[in-house]
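Structural overview
Here is what each chain is made of, one letter per residue.
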Amino acid sequence: MKKYFILAAAVAVLAGGVFAQEEKAAGPRPFKGQGVAMGPISAIDRAKNEITIGNDIIKVKPADIARLKVGDDVTVNVIKGKATVRKAGEKKGPQPFGGYGVAMGPISAIDAARNEIVLGDNIIKLSPKDIAALKVGDDVTVNVKKGKTTVRKAGEPAPLERFEGSSGVAMGPVSAIDAAKNEIVLGNNIIKLSPKDIAALKVGDDVTISLKNNKCTVVKGAAK
């Protein structure tokens, strides 16, 4: 029984050794998708603009290849196929603004060729029309929502948005009424109402509108 146990242990060690050799033989592989790789650079292929970190081979910009050497401790962030490289101790540079959200502050740089601005730590893509109306130093609010980006300079009124969703409350004076579309403007909200509610309202009326289950309830008079 004891002899059998020793033999099984020996086989297990041998199998482990073969497995380790196979893993080593596989070597680093191209880094695909999106994510972050951190650590020292173990190899650089300047002809292919590639660096190796751990088990990842990452393609970077020629400008990054030129300033890197084997042994540099770096953080590489890959977003939508583009890699940004930061050495240990370097300040993190602006990154592409992804997803939805709001960015506010002065514009520190404009790339008119790419229709991009730098706002704080964010690189934000705008329409050519918006780019043409902006300059470095402009204090702006950029809102990215549902794939649409809107820009508002400090002091400009907020753009009108549709009041919609599953629930919510809007209150204040009615600033405009479009009877043909059964819509009113309340603050920066465009709100669709029933023809009956529209007929009972006039510009200047102070109202509270509650949205629940896609149905609007209108109460005239200041909210208490």
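Summary of the structure given here. (Residues numbered from 1 in each chain as written. Predicted model: local features only at pLDDT ≥ 70, side-chain atom pairs only at ≥ 80, totals over all residues. Heavy atoms only, no water.)

Along the polypeptide, Ile191 turns up in strand S16 (residues 189-192). In this structure Ile191 comes out as buried when scored by relative accessible area, which is 0%. Along the sequence, Ile191 and Ala170 sit 21 residues apart, while their C-alpha atoms lie 9.2 Å from each other. When near neighbours in sequence (up to four residues on either side) are disregarded, Ile191 contacts Phe163, Ala170, Asn182, Glu183, Ile184, Leu186, Ile209 and Cys216. (Helix = DSSP H or I, 4+ residues; strand = E, 2+ residues; numbered from the N terminus. Buried < 20%, exposed > 50% of the residue type's maximum accessible area, 1.4 Å probe, protein only. Contact = heavy atoms within 4.5 Å.)

Inspection of the sheet shows strand S13 (residues 161-162) paired to S16 by two bridges, in the parallel sense. Each bridged residue has a counterpart across the sheet, and for Glu161 the counterpart in S16 is Asn189. Where strand S15 (residues 183-186) hands over to S16, the hairpin turn is made up of two residues, of which Gly187 adopts a positive phi near 65°. (Pairing = 2+ DSSP bridges.)

Our focus in this paragraph is the sheet that holds strand S12 (residues 148-153). Across the sheet, which stays open at both edges, the six strands sit in the order S7-S10-S9-S8-S11-S12 with mixed pairing between neighbours. This sheet does not close on itself; its edge strands, each paired only once, are strand S7 (95-96) and S12. In terms of strand pairing, strand S8 (residues 101-111) meets strand S9 (residues 116-119) through four bridges, oriented antiparallel. Each bridged residue has a counterpart across the sheet, and for Ile110 the counterpart in S9 is Ile117.

Its boundaries defined by the atoms lining it, the largest pocket holds a volume of some 1,100 Å³. As for the largest pocket, its lining consists of 38 residues, and the residues nearest its centre are Lys82, Thr84, Gln95, Pro96 and Ile123. Elements represented by at least two residues in the lining of the largest pocket include exactly helix H2 (62-67), strand S5 (73-79), strand S6 (82-87), S7, S8, S9 and strand S10 (122-125). Ranked by the residues each element gives to the lining of the largest pocket, the list is headed by S6, at five residues. Here the residues of the lining of the largest pocket are counted per class, giving 15 nonpolar, nine polar and 14 charged. Here the second largest pocket is characterised by a volume of approximately 280 Å³. Lining the second largest pocket are Asn143, Lys145, Lys146, Lys148, Thr150, Pro159, Leu160, Glu161, Arg162 and Glu164. For the lining of the second largest pocket, the secondary-structure elements that each account for two or more residues are strand S11 (139-145), S12 and S13. Each residue belonging to the lining of the second largest pocket can be placed in one class, and the counts come to two nonpolar, two polar and six charged. (1 Å grid on protein atoms, 1.4 Å probe; cavity = no way out; pocket = protein on both sides within 12 Å on 5 of 7 lines; lining within 4 Å. Points joined across faces, edges and corners; volume = space filled by probe spheres on them. Nonpolar A, V, L, I, M, F, W, Y, C, P; charged D, E, K, R; others polar.)

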